[in-house]
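Structure at a glance
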Amino acid sequence: MDMVCNVAEVRARVAAWRRAGKTVALVPTMGNLHAGHMSLVRAAQREADVTVVSIFVNPTQFAPSEDFDAYPRTLEADAALLRANAADLLFAPSVDEMYPLGPNTTWVEVEQLGRYLCGANRPTHFRGVTTVVSKLFLIVAPDVAVFGEKDFQQLTILRRMTAELRFPIRIVGVPTWREADGLAFSSRNGYLTEAERERAPLIQQQLQQLKRAIADGERDYRALEDVMSAALAAQGFKVDYVSVADAETLAPATSEDRKLVIAAAAYLGKPRLIDNVTLDLT
Ligand code: PAF
C-alpha cells in the first residue's frame, strides 16, 4: 500500500485505476484507526475493486473549544494497520493541501438535518464535515464511499448532500463495530480512565432499554428521553442529549413516526461519547 499526500498524485492514481477498468471505494477517516475503521475497509473491499482510505484531521469540523490540537495523530500505526488489512492507497494530505488558500470561505452546508442532535450544540460541525467530504469526493472521485452508522446524523447528512449535489457516488453505511460489552469503537475511547471505561457501555444498554420500551408500546418519547438522561447522569455522565427522533428528518419523533433513531451523546470524563439504535415500527 502506498501513501500519497497531494491532490495531483491521488488523482493520477485513481485515473490509472479507471483506465484499467477498476472501480474505486473511498473510506474517509480522521485516523487513529481501530477495529471499527477496519470494518469500513472490509465493506469498501466488498463494494469495489480498489480501496482508498483518507486520513485527515479536518480543522473546520472542530469548534475553537474542541480537541483539534489534541486529537490523536498516529499516522505510522494507522498506515501499518491499513497495510495489514490490504487497503490499496492511503491519502494523507496536510491542512494546506486541503485548504490551499488559508482560512476557508467556500462551504457546503446541508440545512435542517444539521440542526438536531449533535448539531444543536455543535452548530458549525456538520458544515465542516460536508465541506471536507465534498472536497474528498471531488479529489478522489470514487464510485462508492463508506461511512459508519455510529455517526448516524453524519451519515444521514452525507446521503442528503450526495443526492442533492448529484455526486455520482454510492454511499454505504456500515453497522457500528462494538466491544464485547457493547461499547461502540471510537477514537475518543482512548481518553477514558479505567473506571470510566467500565461505565461507558451504559449508553448502549440504556438505548436498548429505551428501544424495548417503545417496541412494547410506550409512546411518550419525551418522558423516555428524560428517564434515560437521568439514568446516565446518576452514573456520572454529563448528558448532551438523548433523543427519540424521526430517522429521516432527525426531528424529535411523534407517535405518528414509524422509522425511529434513538440517539444519545454524553460526556464521560474527558470524551464525548455518542451512540444510537434504530427501530422500525412499520
Ligand atoms: O467520521 C469522521 O471521521 C469524519 O467526520 C469524516 C467523515 C472523515 C470527515 O472528516
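Residues numbered from 1 in each chain as written. Predicted model: local features only at pLDDT ≥ 70, side-chain atom pairs only at ≥ 80, totals over all residues. Heavy atoms only, no water.

All right, on to the nonpolar core then. A general trend in soluble globular proteins is that nonpolar side chains are found buried together. Counting 44 residues, the largest nonpolar core has Val52, Phe91, Met98, Val133, Phe137 and Phe147 as the members making the most contacts within it. For this core, the element with the highest residue contribution is helix 6 (residues 125-140), accounting for eight residues. Contact partners of Val52, with chain neighbours within four places excluded, come to Trp17, Val24, Ala25, Leu26, Val27, Leu89, Phe91 and Val140. With 25 residues, the next largest nonpolar core counts Ile203, Leu224, Val242 and Leu268 among its residues. (Core = buried A, V, L, I, M, F, W, Y, C linked by side-chain atoms within 4.5 Å. Buried < 20%, exposed > 50% of the residue type's maximum accessible area, 1.4 Å probe, protein only. Helix = DSSP H or I, 4+ residues; strand = E, 2+ residues; numbered from the N terminus. Contact = heavy atoms within 4.5 Å.)

Let's shift gears to helix 9 (residues 202-215). A rise of 1.5 Å per residue sets the reference length of helix 9, with its 14 residues, at 20 Å; its end C-alpha atoms lie 20 Å apart and thus fit the reference within 8%. Within the span of helix 9, buried status applies to Leu202, Ile203, Gln204, Gln206, Leu207, Leu210 and Ile214. Against the buried residues of helix 9 lie helix 8 (194-199), helix 10 (221-234), strand 7 (238-246), strand 8 (259-267) and strand 9 (272-280). Once helix 9 ends, the next one or two residues include Gly217, with phi positive near 115°. (Expected span 1.5 Å × (residues − 1).)

Contacts to the ligand come from Pro28, Thr29, Met30, Asn58, Gln61, Val129, Val132, Phe147 and Gln154. For the ligand, an oxygen atom lies 2.6 Å from a polar atom in the side chain of Gln61. At the level of secondary structure, the elements contributing two or more residues to the shell around the ligand comprise strand 2 (24-29) and helix 6. Taken together, the residues of the shell around the ligand sort by class into five nonpolar, four polar and no charged. (Near = heavy atom within 4 Å. Polar contact = N/O pair within 3.5 Å; in protein donor to acceptor, adjacent residues only side chain to side chain. Nonpolar A, V, L, I, M, F, W, Y, C, P; charged D, E, K, R; others polar.)

Right, let's talk about empty space enclosed by the protein for a bit. Applying the stated criterion across every chain, the model contains one cavity of 30 Å³ or more. What the largest cavity holds in volume is close to 70 Å³. For the lining of the largest cavity, the secondary-structure elements that each account for two or more residues are helix 9 and strand 9. Looking at the lining of the largest cavity, the element that brings in the most residues is strand 9, giving three residues. Of the residues belonging to the lining of the largest cavity, the class tally is seven nonpolar, four polar and one charged. (1 Å grid on protein atoms, 1.4 Å probe; cavity = no way out; pocket = protein on both sides within 12 Å on 5 of 7 lines; lining within 4 Å. Points joined across faces, edges and corners; volume = space filled by probe spheres on them.)

Moving on: the environment of Gln45. For Gln45, the position within the fold is in helix 2 (residues 35-47). Judged by relative accessible area, which is 29%, Gln45 ranks as partly exposed. With 19 residues separating them along the chain, Gln45 and Leu26 place their C-alpha atoms 9.8 Å apart. At a separation of 2.9 Å, a polar atom in the side chain of Gln45 contacts the main-chain carbonyl oxygen of Asn85.

The next thing to look at is the sheet that holds strand 6 (residues 170-174). Within a sheet, each strand pairs with its neighbour through backbone hydrogen bonds, oriented either parallel or antiparallel. Read across the sheet, six strands follow the order 1-4-3-2-5-6 without closing on themselves; strand pairing throughout is parallel. The outermost strands of the open sheet, each flanked by one partner alone, are strand 1 (2-4) and strand 6. Ignoring which end each strand starts from, the neighbouring axes of this sheet average 25° apart. Strand direction decides the pairing type here: strand 2 and strand 5 (residues 144-148), joined by two bridges, are parallel. When the bridges of strand 5 are listed, Ala25 appears paired with Val144. Its contacts with the sheet place helix 2 against strand 2, strand 3 (50-55), strand 5 and strand 6, and it is angled at close to 155° to strand 5. Sitting on the sheet, helix 7 (residues 152-164) touches strand 5 and strand 6, and the angle it makes with strand 6 is about 170°. (Pairing = 2+ DSSP bridges. Axes fitted to C-alpha atoms, helices over the stretch in contact; angles between N-to-C directions.)

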